[in-house]
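Below are the chains, spelled out letter by letter.
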Amino acid sequence: MSSSSYFVIVGTRDNPLYEAELGPQSRADGGGKKDEHKHLNQFIVHAALDVVEDLMWGTNAMYLKVVDKFNEWFISAYVTASGAKLMLLHDATNTDGIRGFFQDTHELYIKTLLNPFTDINSPITSTTFDTKVRALARKYL
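Per an unreviewed UniProt entry, the chain carries the name Trafficking protein particle complex subunit and comes from Powellomyces hirtus.

A word on the overall build of the chain. Helix and strand counts for the chain come out as 4 helices and 5 strands. In sequence order, the chain lays out its α and β elements as β-β-α-α-β-β-β-α-α. The C-alpha radius of gyration of the chain comes to 14 Å, within 12% of the 14 Å expected for a compact globule of 141 residues. Relative to its full complement of 141 residues, the chain shows a buried share of 43%. Across the chain, the fraction of contacts at a sequence separation of at least 24, relative to all contacts at a separation of at least 6, is 51%.

What follows is about the packing of helix α3 (residues 95-113) against helix α4 (residues 127-140). Viewed as axis vectors pointing N to C, α3 and α4 meet at an angle of 165°, and their least axial separation amounts to 9 Å. One way to sum up the angle between α3 and α4 is to call them roughly antiparallel. In terms of crossing hand, the pair formed by α3 and α4 is right-handed. Residues G97, G100, F101, D104, T105, L108, Y109 and T112 of α3 form the contact with α4, whose own contacting residues are F129, K132, V133, L136, A137, K139 and Y140. Broken down by class, the residue content of the contact of α3 with α4 amounts to 8 nonpolar, 4 polar and 3 charged.

In regular strands, side chains alternate between the two faces of the sheet. Of all 7 residues making up strand β2 (residues 16-22), 5 are buried, and the element is well covered by its neighbours. What sits between the antiparallel neighbours strand β1 (residues 5-10) and β2 is a turn of 5 residues, in which D14 has the positive phi angle 60°.

For side chains bearing opposite charge, pairing can occur when the charged atoms are close. For the structure on display, the rule yields 4 salt bridges. Between E53 and K85 there is a salt bridge, with its nearest N and O atoms 3.9 Å apart. Pair noted here: E53 is in helix α2 (residues 31-56) and K85 is in strand β5 (residues 85-90), with a separation of 32 residues, a long-range link. The partly exposed category is assigned to E53, whose relative accessible area is 22%. For K85, a relative accessible area of 3% puts it in the buried group. D130 is the partner of R134 in a salt bridge, and the nearest nitrogen-oxygen pair spans 3.2 Å. Placement of both R134 and D130 in helix α4 is noted, with a separation of 4 residues, approximately one turn of the helix. Of the residues examined, R134 reaches a relative accessible area of 26% and is grouped as partly exposed. A single network of salt bridges, built from pairs that share partners, joins D14, E53 and K85.

Of note is the side chain of K85, whose polar atom sits 3.1 Å from the backbone oxygen of G83. Setting aside residues no more than four positions away along its own chain, K85 makes contact with V8, I9, V10, G11, D14, L49, V52, E53, Y78 and V79.

Scoring rules and cut-offs
Residues numbered from 1 in each chain as written. Predicted model: local features only at pLDDT ≥ 70, side-chain atom pairs only at ≥ 80, totals over all residues. Heavy atoms only, no water. Helix = DSSP H or I, 4+ residues; strand = E, 2+ residues; numbered from the N terminus. Rg over C-alpha atoms; globule rule 2.2 N^0.38 Å. Buried < 20%, exposed > 50% of the residue type's maximum accessible area, 1.4 Å probe, protein only. Contact = heavy atoms within 4.5 Å. Axes fitted to C-alpha atoms, helices over the stretch in contact; angles between N-to-C directions. Parallel < 35°, antiparallel > 145°, perpendicular 65-115°, else oblique. Left-handed = near helix turned anticlockwise from the far one by under 90°. Nonpolar A, V, L, I, M, F, W, Y, C, P; charged D, E, K, R; others polar. Pairing = 2+ DSSP bridges. Salt bridge = Lys/Arg side-chain N within 4 Å of Asp/Glu carboxyl O. Polar contact = N/O pair within 3.5 Å; in protein donor to acceptor, adjacent residues only side chain to side chain.

See the structure below:
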């Protein structure tokens, strides 16, 4: 994976359920610069939420492709049937890879929600979920 990405699952109440920084920058940066970069990523994705919510009502497609752009960063989105939003902030366009990543992550998200002790809008703290999402990112992105 040569590009850096930021992935987040946003719940139906616009609350973040899961977030991960993917790519080489997730291990290399240290300290304050990493925190600053993380907050910028969160801000960019949060700003694109309104665009995603407008687009999701105008189409039947779950994969919304690139919905917004900020400088050299692209924001791609995928909306589940329940209204949760999977959003990826990335710097390289790879439409087929991103679609595959979203589809497999959506399947993983559904399997997590099938646990009877999981609330639909509660944060996902499972290390297994995190490991599998990162493996999917290495595979597709």
